[in-house]
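These are the residues of each chain, in order.
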Amino acid sequence: MWRSIGAGVGGLPGTIVLPMIVYTVVGKYPNGKDIQVLNETKLFWCVLILSVVSVLVYFLHYKLTKERIAPQKKKKDENYNAIATLKALMKNRAFVMLCIASMLLIAFQFYYQSTYTYLFTDYYGKPGLYAMVTICTYGPMAIFIPIMNKLIKKFGKKELCAFGMAFATVACVILFLFRGTALAENPYIFLGLTFFSGLGQTFLVLEVWALVMDVIDYHEVRTGKREEGMAYAFFSFTRKLGQTLAGVGLNALLAVIHYDGQATQRGEMLSQDVLSKLYDISTLIPAIMLAIMALVLFLGYDLSKKKLVTVHEQLAEIRANEETE
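Residues numbered from 1 in each chain as written. Predicted model: local features only at pLDDT ≥ 70, side-chain atom pairs only at ≥ 80, totals over all residues. Heavy atoms only, no water.

### Observations regarding unusual backbone geometry
Backbone geometry places His258, a non-glycine residue, at a positive phi of 65°. Relative to the helices and strands, His258 is located in the loop between helix H10 (228–256) and helix H11 (272–300). By relative accessible area, which is 62% here, His258 ends up exposed. (Helix = DSSP H or I, 4+ residues; strand = E, 2+ residues; numbered from the N terminus. Buried < 20%, exposed > 50% of the residue type's maximum accessible area, 1.4 Å probe, protein only.)

### What about helix H4 (residues 93–123)?
The terminal C-alpha atoms of H4, which comprises 31 residues, lie 42 Å apart, in line with the 45 Å expected from a rise of 1.5 Å per residue. Most of H4 sits inside the fold, with 22 of its 31 residues counted as buried. At the N-terminal boundary of H4, the capping side chain belongs to Asn92, with an oxygen 3.2 Å from the backbone nitrogen of Ala94. Where H4 terminates, the next one or two residues include Gly125, which has phi positive at roughly 65°. (Expected span 1.5 Å × (residues − 1). Polar contact = N/O pair within 3.5 Å; in protein donor to acceptor, adjacent residues only side chain to side chain.)

### Focus on the environment of Glu268
Relative to the helices and strands, Glu268 resides in the loop between H10 and H11. In this structure, the C-alpha to C-alpha distance between Glu268 and Ile35, residues 233 residues apart in sequence, is 8.6 Å.

### Some remarks on the packing of helix H8 (residues 157–177) against H11
A pair of packed helices is captured by two measures, namely the crossing angle of their axes and the spacing between those axes. Where H8 contacts H11, the axes come no closer than 8 Å and their chain directions differ by 160°. When the axes of H8 and H11 are compared, the pair comes out roughly antiparallel. Considering only the axes of H8 and H11, their crossing is left-handed. For the pair formed by H8 and H11, the contact residues are Lys158, Cys161, Ala162, Phe163, Met165, Ala166, Ala168, Thr169, Cys172, Val173, Leu175 and Phe176 on the first element and Tyr279, Asp280, Thr283, Leu284, Pro286, Ala287, Leu290, Ala291, Met293, Ala294, Leu297 and Phe298 on the second. Here the contact of H8 with H11 is composed, by residue class, of 20 nonpolar, two polar and two charged. (Axes fitted to C-alpha atoms, helices over the stretch in contact; angles between N-to-C directions. Parallel < 35°, antiparallel > 145°, perpendicular 65-115°, else oblique. Left-handed = near helix turned anticlockwise from the far one by under 90°. Contact = heavy atoms within 4.5 Å. Nonpolar A, V, L, I, M, F, W, Y, C, P; charged D, E, K, R; others polar.)

### Examining the pattern of salt bridges
Tallied over the full model, the rule gives seven salt bridges. Arg226 is the salt-bridge partner of Asp217, the closest N and O atoms lying 2.8 Å from each other. Classification of Asp217 as buried rests on a relative accessible area of 10%. Between Glu220 and Arg226 there is a salt bridge, with its nearest N and O atoms 2.7 Å apart. Given a relative accessible area of 1%, Glu220 falls into the buried group. Arg226 sits in the partly exposed class, given a relative accessible area of 26%. Look at the salt bridges and you will find they share partners, linking Asp217, Glu220, Arg226 and Glu228 into a network. (Salt bridge = Lys/Arg side-chain N within 4 Å of Asp/Glu carboxyl O.)

Keep in mind these values describe shape, not function.
Listed below in structure tokens is the structure:
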């Protein structure tokens, strides 16, 4: 949980402060909305500062990290085969389903973060308000952190994450159904429902790495081997695929709706048809992605609360046998 919280809090300065700095007002649209464009010079210096700070933080992280629990020394497996390990992981249903869910989660996060930038700039004419999206998405974490462990013990990780994705789906579907109404024109109503969507996403965002440990434990029970390296490597690879999917998918959809990225710089307002379609892809596509994640977790990921109890009991037995050898 703390790993996910750190990622969310660490991103706040960039997502909140940057939109207030890097845009410059160059005029007004006929409807009175400000025409705001990116200032390349401001953007360059902001990114440069963030990059330098990031490198410094990485070095500090390395210097201040101390490994307090020494790994168990095991006899080297001379017959280790990475391909065979990967094949074994592919037979682990829970692992495969979690990779798919996590890939979609990353794709969803990158997609809506990028799409909402266009939405608040062109549809609402308030790019500075985009900073509230991050607060609405990650703010709910503060609500659940104190009680997360109690909820997990009562309901289970899989059950909470699946229900949360379904809840977030409903919030995005409602946003889509508002299309063409006065409610869709109000950015604060949009942010309110984004908060409820973030409320549902919180469980998977906070628990995704705990789920990784569960599938690794399950893999060890199934095969007798604890192959964390390959599991983490492939899992991380699928998350990078999610980033790629979001970038390629968004650019393709912007082309489909005939979005003109240079219109704002020319002082032109996008047509109502394009703005309407921009709203659609900002609400319907996230709803579909969340729905797929909910289905994957409900129907595909099979490490329920009850099954995990059995897995951990078997793992404890394996550990006890290792100590007696």
